[in-house]
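Results of the structural survey
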Amino acid sequence: MIPFPDISPTLFEIELFGFTLALRWYALAYIAGLLFGWWIILRAVRNPRLWSGAPPLTPEQVERFLTWAVFGVILGGRLGYVIFYDPQTYIADPLQIVRVWEGGMAFHGGFAGVVVAGLIFCRRERIPMLSLGDLLAMAAPVGLMLGRLANFVNAELWGRPTALPWGVIFPGEAAQSCEGVVGLCARHPSQLYQAALEGLLLALVLIWLAFRRGWLKRPGALMGLFLAGYGLARFLVEFVRQPDAQFVSPGNPVGWALQFGGYGLTMGQILSLPMIAAGLWFVLRAR
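Residues numbered from 1 in each chain as written. Predicted model: local features only at pLDDT ≥ 70, side-chain atom pairs only at ≥ 80, totals over all residues. Heavy atoms only, no water.

Next up on the list: the overall build of the protein. For the protein, the helix and strand inventory stands at eight helices and six strands. Listed N to C, the secondary structure of the protein is β-β-β-α-α-α-α-α-β-α-α-β-β-α in terms of helices and strands. At 20 Å, the protein has a C-alpha radius of gyration in line with the 19 Å of a compact globule built from 287 residues. Each principal axis of the C-alpha atoms in the protein carries an extent, and together these give about 65 × 60 × 40 Å. Within the structure as shown, the protein displays about 15,400 Å² of accessible surface, and the carbon and sulfur contribution to it stands at 68%. Computed over 21 positive and 16 negative side-chain charges, the separation of the two mean positions in the protein equals 17 Å. (Helix = DSSP H or I, 4+ residues; strand = E, 2+ residues; numbered from the N terminus. Rg over C-alpha atoms; globule rule 2.2 N^0.38 Å. Areas by Shrake-Rupley, 256 points an atom, 1.4 Å probe, with all protein chains shown as cover. Lys, Arg positive; Asp, Glu negative; His and termini not counted. Charge placed at Lys NZ, Arg CZ, Asp CG, Glu CD.)

Written as structure tokens, this is what we have:
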């Protein structure tokens with residue numbers, strides 16, 4: 001077993017006029033991910049040889065879309081968590097929806113928020129939707145990787161109990177409440193699995209295909225590969241990821257959101273299946 005490292009979730013905090021302003025690693029991950037996305041997309045649109053014609057966006061349009069993407073991620077991520085994962089709590093107390101600083105963001109919701117923002121922006125700016133989707137797909141995995149690393153630092157979204165030698169002893173009563181385990185409970189560091197698969201690996205593949213293999217000349221191909229790659233990575237990691245507490249019950253200790261016979265699917269797997277199917281369709285369509 002590996003002890004959890006002594007890392008504070010807060011990078012630094014400042015007392016100002018009686019208020020405490022803190023910069024958390026999670027917020028820094030969002031900021032760094034958006035800035036990397038802005039940088040890599042700018043590199044792509046400033047390189048005409050990557051496109052079959054003229055680049056679909058100007059650098060000025062890229063900068064304007066960054067604001068749209070920020071709002072899409074935050075609003076979509078929060079509403080996605082409320083709708084898919086814990087609707088009863090927020091129906092009982094709707095004011096909790098705006099308390100984003102207390103946690104509760106869903107990738108699938110953030111993804112949907114960026115899609116909606118992108119569709120509106122493309123319509124306003126007369127930009128090819130599939131080409132913008134390819135650019136966003138190339139930029140997204142690094143942000144996902146940083147977000148999952150921040151989840152690890154925050155000691156949240158850990159995996160199921162494991163006896164494997166790289167199991168991590170996460171702090172907190174919830175992490176240490178493992179049925180049948182005497183003493184310290186080690187869990188899968190599923191945040192690191194996701195950071196490696198849907199983050200680092202997917203980023204390297206997509207950027208290589210965009211800058212070395214000419215995939216930006218096939219509108220929709222990179223976007224499709226991102227959807228299928230992320231969906232597959234998330235589907236696989238869900239087997240060792242601890243499900244959200246609201247899905248766990250004495251009769252459903254695995255936390256399935258959908259059961260059939262002795263098998264089932266978690267909410268993360270259910271939401272990933274349409275992404276895999278849509279991604280494969282886009283890749284095949286772009287051939």
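With that settled, consider the state of the cysteines. Applying the stated rule across the entire model yields one disulfide. With a sulfur-sulfur separation of 1.9 Å, Cys 178 is cross-linked through a disulfide to Cys 185. Taking the torsion about the S-S bond as the criterion, the Cys 178 to Cys 185 disulfide, at about -85°, is left-handed. (Disulfide = S-S within 2.5 Å.)

On to the packing of aromatic side chains. Considering all chains together, one arrives at nine aromatic pairs under this definition. Judged by centre distance (5.1 Å) and plane angle (55°), the ring pair of Phe 65 and Phe 121 falls under tilted. Here Phe 65 is found in helix α2 (residues 59-84), whereas its partner Phe 121 is found in helix α4 (residues 107-125), with 56 residues between them in sequence. For Phe 65, a relative accessible area of 5% translates into the label buried. Taking relative accessible area as the criterion, Phe 121 reaches 1% and is therefore assigned buried. When the centroid spacing of 5.7 Å and the interplanar angle of 75° are considered together, the rings of Phe 152 and Phe 170 count as edge-to-face. With Phe 152 in helix α5 (residues 129-153) and Phe 170 in the loop between β4 (168-169) and α6 (190-212), this residue pair connects regions lying 18 residues apart in the sequence. Between the NZ or CZ atom of Arg 218 and the centre of the ring of Trp 215, over which it lies, the distance is 4.5 Å. (Phe/Tyr/Trp six-rings, centres within 6.5 Å; stacked < 30°, edge-to-face > 60°. Buried < 20%, exposed > 50% of the residue type's maximum accessible area, 1.4 Å probe, protein only. Lys NZ or Arg CZ within 6 Å of the ring centre and 35° of its normal.)

With 36 residues, the main nonpolar core has Ala 44, Leu 135 and Phe 226 as its most contacted residues. Apart from the residues lying within four places of it in its own chain, the contact partners of Ala 44 are Leu 50, Trp 51, Leu 135, Met 138, Phe 211 and Leu 216. With seven residues, the next largest nonpolar core counts Phe 152, Trp 158, Phe 170 and Ala 175 among its residues. (Core = buried A, V, L, I, M, F, W, Y, C linked by side-chain atoms within 4.5 Å. Contact = heavy atoms within 4.5 Å.)

Its place among the elements puts Ala 27 in helix α1 (residues 25-45). Given a relative accessible area of 33%, Ala 27 falls into the partly exposed group. Ala 27 sits 17 residues away from Thr 10 along the chain, and the two C-alpha atoms are 9.5 Å apart.

On the surface, a cluster of positive charge is made up of Arg 43, Arg 49, Arg 212 and Lys 217. Position of Arg 212 among the secondary structure elements: in helix α6. (Patch = residues over 30% accessible without salt bridge, like charges linked within 9 Å, V, L, I, M, F, W, Y side chains within 5 Å. Salt bridge = Lys/Arg side-chain N within 4 Å of Asp/Glu carboxyl O.)

Take the side chain of Arg 241 next. Here Arg 241 is to be found in the loop between α7 (221-237) and β5 (258-260). The exposure class assigned to Arg 241 is buried, which follows from its relative accessible area of 6%. Residue contacts for Arg 241: discarding those within four places in its chain leaves Arg 148, Leu 157, Trp 158, Gly 159, Arg 160, Ser 190, Gln 194 and Arg 234.

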